[in-house]
Amino acid sequence: MDAFEQHVRAGLELAGMTVDDTDLAVMRAADAVYGPGFQALAEADLRDVALEPDLDPSRAPRPA
Amino acid sequence: MSHPQDLSLRDQAALVASGELDARELLQATLDRIEERNGPLNAVVATFADDSERMLASAPPGPLHGVPIAVKDMFQLPWRGPRDGAPREALPPGESGVYRLLRDAGAVVVGVTQMHFWGGGSTGHVSAYGPVGNAWSAEHCGGGSSGGSGAAVGARLVAGAVGTDGGGSIRLPAAYNGITGLKGTYGSTPRDGYTHANSTMGEAGPMCRDAADARLLGSVLFGRELSAGASGRASGLRVGLVRSPFWDDNDAEVDQACRAALDATGWQTSEPVLAGAEHAKVVTVLRLTLEGLPNLTEEDLADADPLTRALVKYEMLLPAHWLVRADRVRSLLRRAVAEAYESCDLLAWPTVSAPAPRIDDPHVVVPSGPTSPDSVNVRQAGIGNLTGQPGINVPVGVHSSGLPIGLQLLGPWGSEELLLDAAEHVEQATGRQWVDAEPPTAEREAAA
């Protein structure tokens, strides 16, 4: 059992859910597609990026 | 007269208003057309002739008086609760805001259109009601999540349909089916009676054959007149082509068709850089999927197909700090896009990186290799949902595979009129060749 499978089984067990082979195969495929992008996001230096305080997608951001 | 569903939405409305087309005959012809053509497409999940007839009988005068419209399976109707592509009702029957707008405009809801299970994909091949076929080839995906609306309009079952777009779900199936689809600015349509009302990403909009029809249906849905030519500058626009990541990894024919259409417009182009754009794909995935999780019950999960259920389990394990990071990137992107509009009127890139995949092999091939269509589709479309800005798909070609190609235009918040003017300019610049193109399936039936 590799680290991915351990993570999946343990995480979902904690949530009271089971994992079957189909789940695992689909999750591996999804992680192959999106995992590198998630990793890049996790490693991006966002310390200086300020959250928009009153984000409203219906209008442009207010000038800082 | 040709079949009334071969007429544009605006011609149907005008002919009904002038008395040259009987609205009851139009409704019956539309139901017949759906019966004839829906089988291999599976675009329409339900019709309800008696309810439609009752709606017609009490239809007030209005811009869509007596005109049949199909609605994605995400909105409450008085006689039917929406299912969201799943087996059970997500909401009970009722009057959604979108239904009220259509009713008050005199429209007749003629059917409910198919969608990807819970709106969670851009192919439409996963649904409790079976896969949605493409208007140009029923063996190919009709797209998602508003694939039923896209295929129904593309195959001329109806001239106008309502879609919703939380991660490209109007623009992507519009591109796959060779039609015009407009996602409004976030908050343009009422949220009540909409299954994804809590989403900060989703917005409804018109899906029609061309921009003029989208203008008519969009005016009803957005509750304001979207006048033609109001922007007064469609021929002299400054358009930003954001090279990375939106022009970097597309099928060569898709790239070529989009560039040719832009060249034909005579627009001035530049290549702005959007800070954070490289993360837009996964940030969209995080926001879109995690916003949906609180709505799900154990019963819902038990009902889900194995693919959807496994993806939900995957989403449940995504670290929470990634969502915090995603929201910082969302803020970054909104500022970057607003800054780009200081020197550009619109942004443009291919709506989809490759034409619709086969239903039995839902993969696409782009220069970086074979991949999941969702991955490249969300990359191309998600920024419009993260920022909230409106966006439109304009048909600009047909691929050698026989499937349509679409160009995406994005504009500043509230710029729907400008987008429609720009889309009409593209149509004119390309001789209306692509918006007037008839899918071969429809041509074959017409010949028979």
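Source: prediction; values computed, not measured.

A. The arrangement of the overall build of chain A in detail. Looking only at helices and strands, one finds 2 helices and 0 strands in chain A. In terms of overall size, chain A is more extended than a compact globule, its C-alpha atoms giving a radius of gyration of 18 Å where 64 residues would be expected to give roughly 11 Å. Referenced to the eigenvectors of the C-alpha coordinate spread, the extents of chain A come out at roughly 50 × 25 × 20 Å. The burial tally for chain A puts 17% of its 64 residues in the buried class.

B. How the structure looks around the overall build of chain B. Helices and strands together make up the secondary structure of chain B, namely 16 helices and 15 strands. On C-alpha atoms alone, chain B measures out to a radius of gyration of 20 Å, which is about the 22 Å that the 2.2 N^0.38 rule sets for 448 residues. Principal axes of the C-alpha set define a box for chain B whose edges measure 55 × 55 × 40 Å. Counting every position in chain B, which comprises 448 residues, the buried fraction comes to 63%.

C. Just helix H1 (residues 9–18) of chain B, in detail. Residues and elements named next belong to chain B. Inspection of H1 places Leu9, Arg10, Gln12, Ala13 and Val16 among the buried residues, and these make up the whole buried set. All buried residues of H1 project into a common sector of 160 degrees when viewed along the axis, lining one side. Looking at the buried positions of H1, the neighbouring elements they touch are helix H2 (23–41), strand E6 (160–165), strand E8 (203–208) and helix H7 (211–222). Looking one or two places after H1, you find Gly19, whose phi comes out positive at around 85 degrees.

D. How the structure looks around the environment of Leu288(B). All names here are of chain B. Relative to the elements of secondary structure, Leu288 occurs in helix H10 (residues 280–292). The spacing of Leu288 and Gly167 is 121 residues in sequence and 7.1 Å in space, taken between C-alpha atoms. The contacts of Leu288, once residues within four sequence positions are left out, are Gly166, Gly167 and Met201.

E. Broad picture of the packing of H10(B) against helix H14 (residues 373–387) of chain B. All names here are of chain B. Closest axis-to-axis distance for the H10/H14 pair is 8 Å, and the angle between their directions is 75 degrees. Comparing the axis directions of H10 and H14 gives the class roughly perpendicular. Each of Ala280, Lys281, Val283, Thr284, Val285 and Arg287 in H10 lies in contact with H14, whose residues at this interface are Ser375, Val378, Arg379, Gly382, Ile383, Asn385 and Leu386. Classifying every residue of the contact of H10 with H14 by side-chain character gives 6 nonpolar, 4 polar and 3 charged.

F. Geometry of the environment of Val49(A). Residue placement: Val49(A) occurs in the segment after helix H2 (21–43). Classification of Val49(A) by C-beta neighbours within 10 Å gives partly exposed; the count is 18.

G. Representation of the packing of H2(B) against helix H3 (residues 49–57) of chain B in the model. Residue and element names in this part refer to chain B. Their axes nearest at 11 Å, the elements H2 and H3 cross at an angle of 155 degrees. Between H2 and H3, the angle is such that the two are roughly antiparallel. The interaxial crossing formed by H2 with H3 has right-handed handedness. Facing H2, whose interface residues are Ala23, Arg24, Leu27 and Leu31, H3 presents Ala49, Ser52, Glu53 and Leu56. Grouping the constituent residues of the contact of H2 with H3 by class yields 5 nonpolar, 1 polar and 2 charged.

H. Seen up close, unusual backbone geometry. Residue and element names in this part refer to chain B. Cis geometry marks the peptide bond from Gly144 to Ser145; its omega dihedral reads 0 degrees. Of note, the bond from Ser244 into Pro245 is cis; its omega dihedral lies within 30 degrees of zero at 10 degrees. Turning to its location among the elements, Pro245 is positioned in helix H8 (residues 243–246). In this model, Arg156 sits at a positive phi of 65 degrees, which is unusual for a non-glycine residue. Mapped onto the secondary structure, Arg156 falls in the loop between helix H5 (147–154) and E6. Residue Arg156 is classed as buried on the basis of its 22 C-beta neighbours within 10 Å.

I. Looking closely at the sheet that holds strand E3 (residues 108–113) of chain B. Residue and element names in this part refer to chain B. On the basis of which strands lie adjacent, the open sheet formed by 11 strands has the order E1-E3-E2-E6-E8-E7-E14-E15-E11-E9-E10 and mixed pairing. The open sheet terminates on both sides in strands that have one partner only, identified here as strand E1 (44–46) and strand E10 (268–270). The sheet shows a mean angle of 35 degrees between the axes of neighbouring strands, taken without regard to direction. Relative to strand E15 (residues 404–410), strand E14 (residues 391–398) runs antiparallel, the two sharing 7 bridges. Looking at the pairing, Gly391 lines up with Leu410 of E15. Against the sheet, H7 touches E6, strand E7 (180–183) and E8, its axis set at about 145 degrees to E8.

J. Structural view of the nonpolar core. One finds Ile69(B), Val98(B), Val108(B), Val109(B), Ala152(B), Leu333(B) and Leu409(B) to be the most contacted residues of the largest nonpolar core, which totals 143 residues. Sequence-distant contacts of Ile69(B), defined by excluding residues within four places in its chain, comprise Leu64(B), Leu102(B), Ala107(B), Val108(B), Val109(B), Val110(B), Val158(B), Gly160(B), Ala161(B) and Val162(B).

K. Quick look at the interface of chain B and chain A. Each partner contributes to the interface: chain B provides 35 residues, whereas chain A provides 30 residues. Secondary-structure elements contributing two or more residues to the side of chain B that touches chain A are H10, helix H12 (306–316), helix H13 (320–340) and H14 of chain B. Across the side of chain B that touches chain A, the residue classes break down as 18 nonpolar, 10 polar and 7 charged.

L. Structural context of the pairing of strand E2 (residues 68–72) of chain B. Residue and element names in this part refer to chain B. For E2, the buried fraction is high: 5 of the 5 residues fall into the buried class. In E2, alternate side chains face the same way, and those of Pro68, Ala70 and Lys72 on one face and Ile69 and Val71 on the other are all buried. Relative to E3, E2 runs parallel, the two being bridged by 5 bridges. Bridging from a neighbouring strand, Ile69 pairs with Val109 of E3. In this view, the connection linking E2 to its parallel neighbour E3 by way of helix H4 (residues 97–104) has right-handed handedness.

M. Examining the environment of Gly81(B) more closely. Residue and element names in this part refer to chain B. Tracing the backbone shows Gly81 in the loop between E2 and H4. Residue class for Gly81 comes out partly exposed when judged on the 18 C-beta atoms lying within 10 Å of it. When the C-alpha atoms of Gly81 and Glu225 are compared, they prove to be 29 Å apart, with 144 residues separating the residues in sequence. In contact with Gly81, not counting residues within four places along its chain, are Gln76, Glu89, Leu91, Pro92 and Pro93.

N. The arrangement of the confidence of the model for chain B in detail. With 98% of its residues at a pLDDT of 70 or more, chain B has an overall mean of 96. The complex model carries a pTM of 0.97, and its ipTM stands at 0.96.

O. Examining the pairing of E14(B) more closely. Counting buried residues along E14(B), 8 of its 8 residues qualify, which places the element largely inside the surrounding structure. The loop that links E14(B) with its antiparallel partner E15(B) comprises 5 residues; one of these, Gly402(B), has a positive phi angle of about 90 degrees.

About the criteria used
- Residues numbered from 1 in each chain as written.
- Chains lettered and ligands numbered in written order.
- Predicted model: local features only at pLDDT ≥ 70, side-chain atom pairs only at ≥ 80, totals over all residues.
- Helix = DSSP H or I, 4+ residues; strand = E, 2+ residues; numbered from the N terminus.
- Rg over C-alpha atoms; globule rule 2.2 N^0.38 Å.
- Buried ≥ 20, exposed ≤ 12 C-beta atoms within 10 Å, placed from the backbone.
- Arc of directions from axis to C-beta.
- Contact = placed C-beta atoms within 7 Å.
- Axes fitted to C-alpha atoms, helices over the stretch in contact; angles between N-to-C directions.
- Parallel < 35°, antiparallel > 145°, perpendicular 65-115°, else oblique.
- Nonpolar A, V, L, I, M, F, W, Y, C, P; charged D, E, K, R; others polar.
- Left-handed = near helix turned anticlockwise from the far one by under 90°.
- Pairing = 2+ DSSP bridges.
- Core = buried A, V, L, I, M, F, W, Y, C linked by C-beta atoms within 7 Å.
- Right-handed = clockwise from strand over helix to strand, strands pointing away.
- pLDDT = per-residue confidence, 0-100.

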